Structure formats: structure tokens, C-alpha cells
Amino acid sequence: MKIGKPEYMKKALLLSEEEQQKVMSRMSGKLPKRLFKEKLSVEEAIAIQLEIEEEQLLEWRKNWAKIRKQDGEKKSGNAPKSATKSAEPASQAKPGASAGKSATKVTAVKSPTGTVGTKATSKPVTTSKAAKPGATSSKAGSKS
């Protein structure tokens, strides 16, 4: 791996000893191995690391701008229709689809001390279903 731009070599030479150590501590991959095997000088390795970090920073900024743009579109309501349908709350999706079956009945309960509280039972509330018309009339007709 060679240094792409000579400006990075100049930057590496201008760094203090402490700053050089910080840059070297951030090295990863083949770069530290090459430095250890003395295929690169310390200044060359630092210059290459500075170049890599600048490329990564530019890529990060580009991705972050893309994310901000997408977030701005969502907030302004210009998001694609498929994304808005999936983000729609369940209560607005289909009224009465399964709300009656999953609800629990809450009843008032009087405790032995005389205070009134509430108690939730696990029986589903079936107010949305209509009674079968033939079931009640057949029982009444058989008793007479």
C-alpha cells in the first residue's frame, strides 16, 4: 500500500511524538504488521493511516447525510406509501378486527375491609357478537 497523496506525508512529519503514538494506536489490519516487519517507516505508516481515516470520515459523512435526508422525508410525510402502511398503529389499521376477543373484563370488587377496587378477569368481552336467534327461542318453546 502506497501513500496516495504527498500531503499526508507532510502531515505525518508535522505531528508531535504523542500525536504519532495516537495515530499508530488506531492502526489495524496489515498496516501494523508491515510496520513491525520494517517494510514501512513510521512516518509512511502514519501517513497511510491518516489517508485511510480521512477516506473513512468522508464515507461516514456521506452516509450520515443520506440518513438525515431519509429522516427528513419521513417527518415531512414524503415517505413511500409502503413505509407508512407498516408504521400505522394497530388501532387505526382495521377497526374491530380482533379487539373484542383480546379485551379483558374489569369488574368492581369489594374487599373484606370495605374498600372498592377493580379486578381484571381473563374472560373475553363478547359485546360485538350478536346472539343466535334460534338458540333462545327453542329453549323457551320446549318449556311450554
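Scroll up to find the structure.
From a predicted model like this one, the values you see are computed outputs, not experimental measurements.

## A look at the overall build of the chain
Here is step 1: When helices and strands are counted, the chain shows eight helices and two strands.
Here is step 2: Walking the chain from its N terminus toward its C terminus, one meets helices and strands in the order α-α-α-α-α-α-α-β-β-α.
Here is step 3: Residues classed as buried in the chain amount to 10% of the 144 residues present.
Here is step 4: Summarising the internal contacts of the chain: among those between residues at least 6 apart in sequence, 40% fall at separations of at least 24.
Here is step 5: Within the structure as shown, the chain displays about 12300 Å² of accessible surface, and the carbon and sulfur contribution to it stands at 56%.

## A word on the packing of aromatic side chains
Both the distance between ring centres and the angle between the ring planes are used here to describe each pair of aromatic rings.
Here is step 1: A complete count under the given rule lists one aromatic pair for this structure.
Here is step 2: With a centroid separation of 6.1 Å and 0° between ring planes, the pair formed by W60 and W64 is classed as stacked. Highlighted residues: W60 and W64, both in helix α4 (residues 42-76), separated by four residues, approximately one helical turn.
Here is step 3: Relative accessible area serves as the criterion here: at 51%, W60 is assigned to the exposed category.
Here is step 4: The class for W64 is partly exposed, based on a relative accessible area of 38%.

## Section: the packing of helix α2 (residues 17-25) against α4
Here is step 1: With their axes 10 Å apart at the nearest point, α2 and α4 run at an angle of 65° to one another. α2 and α4 meet at a crossing whose hand is left-handed. On α4, the residues that touch Q20, V23 and M24 of α2 are V42, I46, Q49 and L50.
Here is step 2: For the contact of α2 with α4, the class distribution of residues is five nonpolar, two polar and no charged.

## Focus on the side chain of Q49
Here is step 1: With respect to the secondary-structure elements, Q49 resides in helix α4.
Here is step 2: The contact partners of Q49, leaving out residues within four places of it in the chain, are V23, R26, M27, S28 and L31.

## Some words on the pattern of salt bridges
Here is step 1: If you walk through the whole model with that rule in mind, you get five salt bridges.
Here is step 2: K11 is the salt-bridge partner of E54, the closest N and O atoms lying 3.7 Å from each other. With E54 in helix α4 and K11 in helix α1 (residues 6-14), the pair connects residues that are 43 residues apart, well separated along the chain.
Here is step 3: Its relative accessible area of 39% is what places K11 among the partly exposed residues.
Here is step 4: Taking the shortest distance from any N to any O, the salt bridge between D71 and K75 comes out at 3.8 Å. Residue D71 and its partner K75 are both found in helix α4; the two are separated by four residues, about one turn of the helix.
Here is step 5: Under the relative-accessibility criterion, K75 is labelled exposed at 69%.

Rules and cut-offs
- Residues numbered from 1 in each chain as written.
- Predicted model: local features only at pLDDT ≥ 70, side-chain atom pairs only at ≥ 80, totals over all residues.
- Heavy atoms only, no water.
- Helix = DSSP H or I, 4+ residues; strand = E, 2+ residues; numbered from the N terminus.
- Buried < 20%, exposed > 50% of the residue type's maximum accessible area, 1.4 Å probe, protein only.
- Contact = heavy atoms within 4.5 Å.
- Areas by Shrake-Rupley, 256 points an atom, 1.4 Å probe, with all protein chains shown as cover.
- Phe/Tyr/Trp six-rings, centres within 6.5 Å; stacked < 30°, edge-to-face > 60°.
- Axes fitted to C-alpha atoms, helices over the stretch in contact; angles between N-to-C directions.
- Left-handed = near helix turned anticlockwise from the far one by under 90°.
- Nonpolar A, V, L, I, M, F, W, Y, C, P; charged D, E, K, R; others polar.
- Salt bridge = Lys/Arg side-chain N within 4 Å of Asp/Glu carboxyl O.

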